[in-house]
Every structure is written in structure tokens, then in C-alpha cells.
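Each chain, letter by letter, is given below.
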Amino acid sequence: MLVAMTPGITGFSKGPGAAWAQDAPVLAPVVSELDEPWALGLLPDGSFLVTEKDGRLLYFNGGGAPQVVRGTPRVNDGGQGGLLDITIARDFAATRTLWLSYSKPQTGGSGTALAAATLSADGTRLEDLRDLFVMAPGSSGGRHFGSRVVEAADGTLYLTIGDRGDRPSAQDRSTHNGSVIRVNRDGSVPADNPFVNTPGVQPEIWSFGHRNPQGAGLDARGNLWTAEHGARGGDEVNFVRKGANFGWPVISYGRHYSGGRIGEGTEKAGMEQPAFYWDPSIAPSGLLVYSGDMFPAWRGDIFVGSLKFDYISRLEVSGQTAREVAKIENSATERVRDIVQAPDGSIWFISVGNGAVYRIAAP
């Protein structure tokens, strides 16, 4: 049975060589016994939702067992696909709107899709579930769905999409593979998207040349940042600009898993450089640009979870570049999948390895 965990303080490790800007925060478990949790959505009344990859959406409202929310989309739960991100609308208190990303069954396989729904007042079901966007074309294989959903400052929606394991497609703008797309809240294409008047290009594309962006978030100025998987080495944090080409698979700081060289090197005219990259790869998933009051020294810093090395990276930002300055690393940070900021400024995250949600707060 899934249960709410009694809040209690666990250990908090700075990690080797880390320097924290204030007294060490405390880390408390929130819920446990989750089955491959993927994303976390915090609601204004203190309740919250968790997606599980096999297609379940769980509603937690106080102690005890969660409510399984009915009316979720049918997903293709294969490989890295399934029910993936959840994003709560800023106007949720008035509209009860939320957005889900998932791997939608399609002819020839599946593809990343973005759906909108209304959460019932009692949290038991989704109402008016509808797809806003479905990538084209569908493809076989279970890799690189991307799938983070971000509500932009102007109310449009960003959705990250991986290359689906088809490397060259990330440079082919006639498909949505390897892109960040941007749509209006009703699923229509914004008139100011960069390629709306370019023949042969999918009009939803905002940026392209991405490999598998599984983390995304806005900074205080409304700029979009992503964290994305490289191959062997070359995981990246990127400052995403309108119409930009991020180079995959033409340029990369990583190598193929075979050890072979990727593309043409690490840079090329007309292609973006990462704000930061990891070598060796950490398998990043979940990105938060912190803006809260609980940890004022961290405002503007980026937090990224590692699925491979079991820690949360803290990066300081300078303009459009970043550098890793510290790690949160202990038994709670096993395969960190999602990181979100609560209204009180605390930081919540999902540990897939522990099947649990944790909260980081001031002492």
C-alpha cells in the first residue's frame, strides 16, 4: 500500500567539496512505496499529485493512502515511455487545470503527447481530458520521449521532445523529434513561433537539435532552461532561445556508447553551446530554477537531478552560462527524477530508487 510518511528529518550531506551558502537544510520524507514515479505536481491547498510511469495518477491529500485518479490517458508503457510529466496551471485555484505529457500509442509505435484536463473538486478523476499536441510522426522504440511541460510567462506551453533514438531526425524540422515545441493553451500554434511561415517545418517547433531533454524550467525573467541527456559524456544544461539549433547530433561534448566520435566535434557556426555540460554523464532529469524565499542565497540557482550518480546538482548561473558548485547527495537522492519548488520555497523531489517523495526545507 502507498502511504504518507510521517515527516521526520533525514541526513543531509553537502557532498565532496561542496560549500553551502547557509546553514545545512534538512531533508524530510513525504510519501513512500511509489511504483516508478515520474513527476510531481503541488496544488495550492497543500495536496499534491504524482504520476507513475505505468499510467497511474495519485492524489495525496493529508495522511493515509492516496486516491488513484480516474480518467488518465491510455499510455504506451514501454521502455522510457508511459505517463510522464504533470504541470499545474498557475490559475489552478480558479480553473483546476493541469497538463500531462505521455507516450501516446500511434501507428508505428508511439510519440510524445501533451494533454490538458480538469481535476475534479474531490480529486478523484480527470474531466475534459483532451490532447493539445501529439508529435508527428509516431515511431517504434522506447527511447527519448523528453516530455517536460512548462507554462511560459505569457501562458503558452513548452514541451520537450527527444530524438526518439533517431539521431539525424533532431536536425530534420519536418518532424518534431529532438525539439522543444510551443503551443497555446488551446493547442493552437502561437503566431510568433519562429518557423510558422517556413515551408516544410513543423510550426510548433521553438528550438531543435536536442537529444533527450528530461528537465526544463523557467528563470525569474521567464527564460527557458533545459537539462538533457547526452550520449557517453556531454549531458547538457541549455539556455533555450527562440529558433536556436542546439546541434545534436552534429556537435556534442560526448561520444557514442561505442566510444566513437559524434558528428563534427564540439562546435559549429550556427549551433548553440551548452550553458554547462557534464563528463562523465550524470543522466539528468528534472530541472528547477530556484526563486523562493526559504533559501534566498539560492535564488537564480539551477537544481538538476541525477539518475546515474544519485545526487542533486546545484549550479550557479552567470548570464547564459552555469557552473556546478555543490551537490545534495545522500541515501534519499537515489535516481532523482523530478524537482519542484513549493509555494513556501521548500524544494520537493522524487527519488525513483527509493520510490519516494522528499522535501528540503530550512532548519
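Residues numbered from 1 in each chain as written. Predicted model: local features only at pLDDT ≥ 70, side-chain atom pairs only at ≥ 80, totals over all residues. Heavy atoms only, no water.

Caption draft 1: Highlighting empty space enclosed by the protein. Taken as a whole, this structure holds 1 cavity of 30 Å³ or more when the rule is applied. Around the largest cavity, the lining residues are G209, R211, E228, H229, G230, G234, E236, F246, W248, I251 and S252. Along the lines of polarity and charge, the residues of the lining of the largest cavity split into 3 nonpolar, 5 polar and 3 charged. (1 Å grid on protein atoms, 1.4 Å probe; cavity = no way out; pocket = protein on both sides within 12 Å on 5 of 7 lines; lining within 4 Å. Points joined across faces, edges and corners; volume = space filled by probe spheres on them. Nonpolar A, V, L, I, M, F, W, Y, C, P; charged D, E, K, R; others polar.)

Caption draft 2: Summary view of the sheet that holds strand 6 (residues 67–68). Pairing within the open sheet is antiparallel, and its 4 strands lie in the order 3-4-5-6. A single partner strand is all that each edge strand has here, and the edge strands are strand 3 (37–42) and strand 6. Where strand 5 (residues 57–60) and strand 6 come together, 2 bridges link them in antiparallel fashion. Its bridge partner being in strand 6, L58 is matched across the sheet by V68. (Pairing = 2+ DSSP bridges. Helix = DSSP H or I, 4+ residues; strand = E, 2+ residues; numbered from the N terminus.)

Caption draft 3: Molecular detail of unusual backbone geometry. Of note, the amide linkage connecting A136 to P137 takes the cis form, showing an omega dihedral of -5 degrees. Examined against the element boundaries, P137 turns out to sit in the loop between strand 10 (126–134) and strand 11 (149–151). At E33, a residue that is not glycine, the phi angle is positive and equals roughly 60 degrees. One can find E33 in the loop between strand 2 (26–32) and strand 3. Here E33 falls in the partly exposed class, since its relative accessible area comes to 47%. (Buried < 20%, exposed > 50% of the residue type's maximum accessible area, 1.4 Å probe, protein only.)

Caption draft 4: Layout of the packing of aromatic side chains. Going through the model one piece at a time under the given rule, you end up with 13 aromatic pairs. Ring geometry for F48 against F60: centres 4.8 Å apart, planes inclined by 10 degrees, an arrangement best described as stacked. Residue F48 is located in strand 4 (residues 48–52), and its partner F60 is located in strand 5; the two are separated by 12 residues in the primary sequence. Side by side, F48 and F60 carry an identical accessibility label, which is buried. Taken together, the ring pairs connect Y290, F295, W298 and F303 into an aromatic cluster. In this structure, R164 is placed above the aromatic ring of F145, and the distance from its NZ or CZ to the ring centre is 4.0 Å. Taking the ring centre of Y311 as reference, the NZ or CZ of K327 above it sits at 4.5 Å. (Phe/Tyr/Trp six-rings, centres within 6.5 Å; stacked < 30°, edge-to-face > 60°. Lys NZ or Arg CZ within 6 Å of the ring centre and 35° of its normal.)

Caption draft 5: Broad picture of the layout of surface pockets. Counted as a void, the largest pocket has a volume near 1000 Å³. If you go around the largest pocket, you meet 34 residues; those closest to its centre are T87, I88, L288, V340 and Q341. Looking at the lining of the largest pocket, the elements that each hand over two or more residues are strand 3, strand 7 (83–88), helix 1 (92–95), strand 11, strand 15 (213–218), strand 19 (284–289) and strand 23 (336–341). Among the residues making up the lining of the largest pocket, the classes are represented as 22 nonpolar, 6 polar and 6 charged. Counted as a void, the second largest pocket has a volume near 340 Å³. Around the second largest pocket sit 24 residues that line it, and Q80, H229, Y257, A283 and L307 are the ones nearest its centre. Grouping the amino acids of the lining of the second largest pocket by side-chain chemistry returns 6 nonpolar, 9 polar and 9 charged.

Caption draft 6: Fine view of the pairing of strand 17 (residues 235–240). With 6 of its 6 residues buried, strand 17 lies for the most part within the structure. Across the two faces of strand 17 the burial is the same, with D235, V237 and F239 and E236, N238 and V240 all buried. Two elements, strand 16 (residues 224–228) and strand 17, share 5 bridges in a ladder whose sense is antiparallel. Looking across to strand 17, one finds that E228 is bridged to E236.

Caption draft 7: Highlighting the pairing of strand 20 (residues 302–306). The element strand 20 is extensively covered by neighbouring structure, given that 5 of its 5 residues are classed as buried. In strand 20, alternate side chains face the same way, and those of I302, V304 and S306 on one face and F303 and G305 on the other are all buried. In terms of strand pairing, strand 19 meets strand 20 through 4 bridges, oriented antiparallel. Of the residues in strand 20, the one forming a bridge with V289 is I302. Note that strand 20 and strand 21 (residues 312–318) share 4 bridges and pair antiparallel. Residue pairing across strands places I302 opposite L315, the latter belonging to strand 21.

Caption draft 8: Examining the side chain of S351 more closely. As for its position among the elements, S351 is in strand 24 (residues 347–351). A polar contact of 3.1 Å, which involves the side chain of S351, links it to the backbone nitrogen of N354. Those residues in contact with S351 that lie beyond four places of it in its chain are P37, A332, E334, R335, A356 and Y358. (Polar contact = N/O pair within 3.5 Å; in protein donor to acceptor, adjacent residues only side chain to side chain. Contact = heavy atoms within 4.5 Å.)

Caption draft 9: Representation of the pattern of salt bridges in the model. Scanning the model with the defined rule gives 19 salt bridges in all. Among the ionic pairs, D338 bridges to R148, the shortest N-O distance being 3.3 Å. Taken together, the positions of D338 in strand 23 and R148 in the loop between strand 10 and strand 11 put the pair 190 residues apart, joining distant regions of the chain. Both residues of the pair, D338 and R148, count as buried. One salt-bridge network, held together by shared partners, links R90, D91, E151 and R185. (Salt bridge = Lys/Arg side-chain N within 4 Å of Asp/Glu carboxyl O.)

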